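Remarks on the overall topology
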Amino acid sequence: MEEKILYRKARLNDAVKLSVLFKQVYIQTYGVDGVSDEFANFITKQFSIERIENTITNHPEVIVVAEYKGNLVGVAEIEMSKKSPIGNIIAPELNKLYILESFCGKGIGEKLLAFIEDALVQKGEKAIWLWVLESNNRAVNFYEKHQFRYIGNASFQMEKNLYDNKVMLKELVKRS
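Values in this document were obtained by computation on a predicted structure and should not be read as measured data. (Residues numbered from 1 in each chain as written. Predicted model: local features only at pLDDT ≥ 70, side-chain atom pairs only at ≥ 80, totals over all residues. Heavy atoms only, no water.)

**Some words on the side chain of His-146**
Put simply, the test is: Helix and strand assignments follow DSSP, with helices taken as H or I runs no shorter than four residues and strands as E runs no shorter than two, numbered in order from the N terminus. Under the scheme applied here, a residue whose accessible area is under 20% of the maximum for its type counts as buried, over 50% as exposed, and between as partly exposed, the area being computed with a 1.4 Å probe on protein chains only. Throughout, a residue-residue contact means that at least one pair of heavy atoms, one from each residue, lies within 4.5 Å.
Along the polypeptide, His-146 turns up in the loop between α5 (137-145) and β6 (149-157). Overall, His-146 belongs to the buried group, its relative accessible area being 11%. If sequence neighbours within four positions are ignored, His-146 has contacts with Glu-110, Leu-113 and Lys-170.

**Points about the nonpolar core**
Short version of the rule: Definition of nonpolar core: a set of buried residues of the types Ala, Val, Leu, Ile, Met, Phe, Trp, Tyr and Cys, connected through side-chain atoms within 4.5 Å.
Counting 47 residues, the largest nonpolar core has Leu-18, Leu-94, Ile-108, Leu-112 and Tyr-143 as the members making the most contacts within it. It is helix α1 (residues 15-30) that provides the largest number of residues to this core, a total of 6 residues. When sequence neighbours within four positions are dropped, the list of residues in contact with Tyr-143 reads Leu-94, Leu-97, Leu-130, Val-132, Phe-148 and Met-168. Counting 7 residues, the second-largest nonpolar core is a separate cluster that includes Ile-86, Trp-129, Ala-154 and Leu-169.

**Quick word on the environment of Val-62**
Locating Val-62 in the fold gives a position in the loop between α3 (49-58) and β2 (63-68). Judged by relative accessible area, which is 4%, Val-62 ranks as buried. In contact with Val-62, not counting residues within four places along its chain, are Thr-55, Ala-76, Glu-77, Ile-78, Met-80 and Ile-116.

**Describing the pattern of salt bridges**
This is how the line gets drawn: Think of a salt bridge as a Lys or Arg side-chain nitrogen and an Asp or Glu carboxyl oxygen that are within 4 Å of each other.
Applying the stated rule across the entire model yields 9 salt bridges. For Glu-79, the salt bridge is made with Lys-82, and the minimal N-O distance between the two is 3.7 Å. The exposure class assigned to Glu-79 is partly exposed, which follows from its relative accessible area of 34%. The salt bridge involving Glu-93 is made with Lys-82; its shortest N-O contact spans 2.8 Å. Of this pair, Glu-93 sits in strand β4 (residues 90-99) while Lys-82 sits in strand β3 (residues 71-83); the two residues are 11 residues apart in sequence, bridging distant segments of the chain. By sharing partners, the salt bridges in this structure join Arg-8, Asp-14 and Glu-67 into a single network.

**Structural notes on helix α2 (residues 37-46)**
Here is the rule: The directions considered for the arc run from the helix axis to the C-beta atoms.
Every buried residue of α2 is listed here: Glu-38, Phe-39, Phe-42, Ile-43 and Gln-46. The buried residues of α2 occupy one face: seen down the axis, they fall within an arc of 120 degrees. Residues Asp-37 and Lys-45 are exposed on α2 and point more than 90 degrees away from its buried face. Contact partners of the buried residues in α2: α1, α3, β4, β6 and β7 (162-171).

Shown next, in the form of structure tokens:
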């Protein structure tokens, strides 16, 4: 890539692009059987422009984007003080780390994760957790490579269907 990737906090005018990016990556990753009514309802609500605008307005520090040539190519989002479905852990949850497929394997996810982790360490946070679809081997391997450890399984329920997830935890340490 001749032009550099810029990492920054999301801005209100990113909301439309974020909505599209979230939907694109979610469908690519999880829509292995196509788009059902349940799936469509979930992503329409979860990734609505209004919801994203609300998050950016009320919690501007929780969404970080990767920008290439002025276009969004990746995003990480955390939710502060979230209770893990496994154990008695209350810590920030990495609830999204999405990279457009054509930008995967270029270190963007790693840099977004580092950006988030550094910000959390500065706030005094000691750990971060996430859940990842059990069958998403690429993501599981990525998180294991970045020192997340498996702590148990939990099911995510959309409307009717349950999806098996691995819950993973990482202790945060200050980088040198």
